[in-house]
Amino acid sequence: MFKPLHNYVLLERIEEETTTAGGIIIPDNAREKPSRGRVIAVGAGLYDGGKLIPMSVKENDTVLFAKWAPSANEIKLDGNDYVLIKETDILGIIE
């Protein structure tokens, strides 16, 4: 399995609904990439002045992340698509 370093988080995207409330089907080319994800793995945290600042998210958390995050990297592992992103580009945890 993949273990992110420092303050990186490995996410699996959670697909959005493919139909509107009125029942209209949204085609693939009109849908935006989802900005929700499930945390698969997290790094240890970031060091600041020699002190480790632990991560705020943990495995299996559902999070909302910035759609155009500068740190987001699309990667493929074992045939699955993931997003590798810095924790600072995660907007919040969905409970």
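Structure first, text after, so check above.
The model shown is predicted, which means the values in this text are computed figures rather than measured ones. The numbers attached to residues start from 1 for each chain and follow its sequence in the written order. Only residues with pLDDT of 70 or above have their local features reported here, since the model is predicted, and side-chain atom pairs are shown and tallied only from 80 upward, although totals for entire chains, interfaces and linings are computed over all residues. Only hydrogens and water are removed before side-chain values are computed, so all heavy atoms of the structure are retained for them.

Undergrad: A description of the pairing of strand β6 (residues 73-77) should follow, citing residues and the corresponding values.
TA: As paired elements, β6 and strand β7 (residues 80-86) share five bridges and run antiparallel to each other. Within β7, the position partnered with Lys76 by the bridge is Asp81. Two strands form a pair only when DSSP identifies at least two bridges running between them. Comment: elements are numbered from the N terminus, with helices defined as DSSP H or I runs of at least four residues and strands as E runs of at least two. Between β6 and β7, which pair antiparallel in sequence order, lie two residues; one of them, Asp78, sits at a positive phi of approximately 50°.

Undergrad: I'd like to hear about the side chain of Asp61, residue by residue, with values.
TA: Along the chain, Asp61 turns up in the loop between β4 (51-53) and β5 (62-65). Assessed through its relative accessible area of 9%, Asp61 is described here as buried. Among the polar contacts listed, one links the side chain of Asp61 to the backbone nitrogen of Lys58, at a separation of 3.0 Å. Whether two residues touch is decided by their heavy atoms; if any such pair falls within 4.5 Å, the residues are in contact. Those residues within four positions of Asp61 in sequence are excluded, and the remaining contacts are Gly37, Arg38, Val39 and Ile93. Burial classes: relative accessible area under 20% of the type maximum marks a residue as buried, over 50% as exposed, and values in between as partly exposed (1.4 Å probe, protein chains only). Polar contacts, as used here, are pairs of N or O atoms within 3.5 Å; protein pairs need one atom able to donate a hydrogen and one able to accept it. Residues neighboring in sequence count only if both atoms are side-chain atoms.

Undergrad: Kindly report on the sheet that holds β7, identifying the contributing residues and their values.
TA: Strand order in the open sheet made by the six strands is β6-β7-β1-β2-β5-β8, with antiparallel pairing throughout. The open sheet has two free edges, formed respectively by β6 and β8 (90-94), since each of these has just one partner strand. In this sheet, adjacent strand axes meet at a mean angle of 45° when their direction is disregarded. Note that strand β2 (residues 36-42) and β5 share three bridges and pair antiparallel. Each residue of the ladder has a partner; that of Arg38, found in β5, is Thr62. Angles run from 0 to 180 degrees between N-to-C directions of axes, and those axes are lines fitted to C-alpha atoms, restricted for helices to the stretch in contact.

Undergrad: Residues and numbers for the pairing of β7, please.
TA: Bridge count between strand β1 (residues 8-13) and β7: four bridges; the pairing is antiparallel. Paired with Val9 across the two strands is Ile85, which belongs to β7.

Undergrad: Got a sec to walk through the pattern of salt bridges? Specific residues and values, please.
TA: Think of a salt bridge as a Lys or Arg side-chain nitrogen and an Asp or Glu carboxyl oxygen that are within 4 Å of each other. Applying the stated criterion to the full structure yields four salt bridges. With its nearest N and O atoms 2.9 Å apart, the salt bridge here joins Glu12 to Arg38. Here Glu12 is found in strand β1, whereas its partner Arg38 is found in strand β2, with 26 residues between them in sequence. For Glu12, a relative accessible area of 27% translates into the label partly exposed. We classify Arg38 as partly exposed; its relative accessible area is 30%. Across the pair Asp61 and Lys58 runs a salt bridge, and its minimum N-O distance is 3.0 Å. Since its relative accessible area comes to 54%, Lys58 is described here as exposed.

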